[in-house]
Amino acid sequence: MNAPDMSAEQGERSTLLCVPFAGAGASFFHPWRALSAGRWRVVAFELPGRERRMLETPYRNVVEAATKEVDDIAATLGDGARAVLFGHSLGAVLAYELAHLLSAREVRVERLVVSGSPGPWTQRERRATGLPDEEFLARVEEFAGFRHEALDHPEMRELILPVLQADCEMHENYLPSTDEPVSVPICSLRGSSDGLVSAEQAQQWRNATTGAFSYAEFPGDHMYLVDHAREVLDVIEAESG
């Protein structure tokens, strides 16, 4: 991943490390930099197979992805950094694994914010992995609640589909690397009409931490954060205050 410029202000602000959901690139979170209004240094984690890392082979295992990427992430955050981790759906379990790994390094993880995800020990009942391409895309569309227009263009689809398939495989086959909870506080977020993750499942994250736990809902479905980024950031600030 490409490390942003380090500056003196890093010592004054926490870094908000954003981990993308299945099929998404780091650019999804670029608008959050302006929306954060200087509250954090916003850094988006770029997974292989997309955007600047398009030529790299995507991961198919969450624990492997976190383990292999954590050194670069820690270097980007900087020695003695303070960080809030945010992840949506696939990003939530990736962020959970990173919270374990970063806490064992010289990174002070202040909070883990998970979104649109059941607790880390609950696997999705309805799966897309292994389905033929058209059925796979229909299932993913059902999960997400929308179809990305790029998938209707053959050239873009050829680029996006393998990454989306790899992401779904690593999400749906995810098993935590450890049964030990993290010690950092966890805040779990959910769209109030999310048909993929129930309120009960979203609150399973209470058992994933020995620290404080909080829960909040926003209007919308599984992809509520597309329309509520500012409000999500406001909740993260309130929880971190």
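To keep things clear, this report deals only with the structure shown in the data block. Please read these numbers as outputs of a predicted model, since none were measured by experiment. (Residues numbered from 1 in each chain as written. Predicted model: local features only at pLDDT ≥ 70, side-chain atom pairs only at ≥ 80, totals over all residues. Heavy atoms only, no water.)

## Regarding the overall build of the protein chain
The helix and strand tally for the protein chain stands at seven helices and six strands. With respect to the three principal axes, the spread of C-alpha positions in the protein chain is 50 × 40 × 35 Å. Of all 241 residues assigned to the protein chain, the portion counted as buried reaches 50%. Once local pairs closer than 6 in sequence are excluded, the contacts in the protein chain between residues at least 24 apart make up 80%. Roughly 11100 Å² of accessible area belongs to the protein chain as shown, and the carbon and sulfur atoms make up 48% of that amount. Counting 22 positive and 38 negative side-chain charges, the protein chain places the centres of these two groups 2 Å from one another. (Helix = DSSP H or I, 4+ residues; strand = E, 2+ residues; numbered from the N terminus. Buried < 20%, exposed > 50% of the residue type's maximum accessible area, 1.4 Å probe, protein only. Contact = heavy atoms within 4.5 Å. Areas by Shrake-Rupley, 256 points an atom, 1.4 Å probe, with all protein chains shown as cover. Lys, Arg positive; Asp, Glu negative; His and termini not counted. Charge placed at Lys NZ, Arg CZ, Asp CG, Glu CD.)

## Considerations on helix α2 (residues 62-77)
Residues three or four positions apart in an α-helix share a direction because the helix packs 3.6 residues into each turn. Maximum bend of α2: about 45°, positioned at V70. Of all the residues in α2, the buried ones are V62, A65, A66, E69, V70, I73, A74, T76 and L77. For α2, the secondary structure elements touched by its buried residues are β1 (15-19), β2 (41-44), β3 (82-88), α3 (90-103) and α5 (154-172). The positive-phi residue at the C-terminal boundary of α2 is G78, with phi of around 95°. (Bend = angle between axes of the 7 residues up to and from the residue.)

## Thoughts on a nonpolar patch on the surface
Residues M54, M156 and L159 make up a contiguous nonpolar surface patch of about 260 Å² in total accessible area. Counting through the fold element by element, M54 comes out in the loop between β2 and α2. The class of M54 is partly exposed, set by a relative accessible area of 41%. (Patch = residues over 30% accessible without salt bridge, like charges linked within 9 Å, V, L, I, M, F, W, Y side chains within 5 Å. Salt bridge = Lys/Arg side-chain N within 4 Å of Asp/Glu carboxyl O.)

## Concerning the side chain of T209
Inspection of the secondary structure assignment puts T209 in the loop between α6 (199-202) and β6 (213-218). At 2.5 Å, the side chain of T209 forms a polar contact with the backbone oxygen of V184. At 2.8 Å, the side chain of T209 and the backbone nitrogen of G211 are in polar contact. (Polar contact = N/O pair within 3.5 Å; in protein donor to acceptor, adjacent residues only side chain to side chain.)

## Here's the deal with unusual backbone geometry
For A37, which is not a glycine, the phi torsion comes out positive at approximately 50°. The phi dihedral of E51 falls on the positive side, at around 45°, and the residue is not glycine. Mapped onto the fold, E51 is located in the loop between β2 and α2. For E51, a relative accessible area of 34% gives the class partly exposed.

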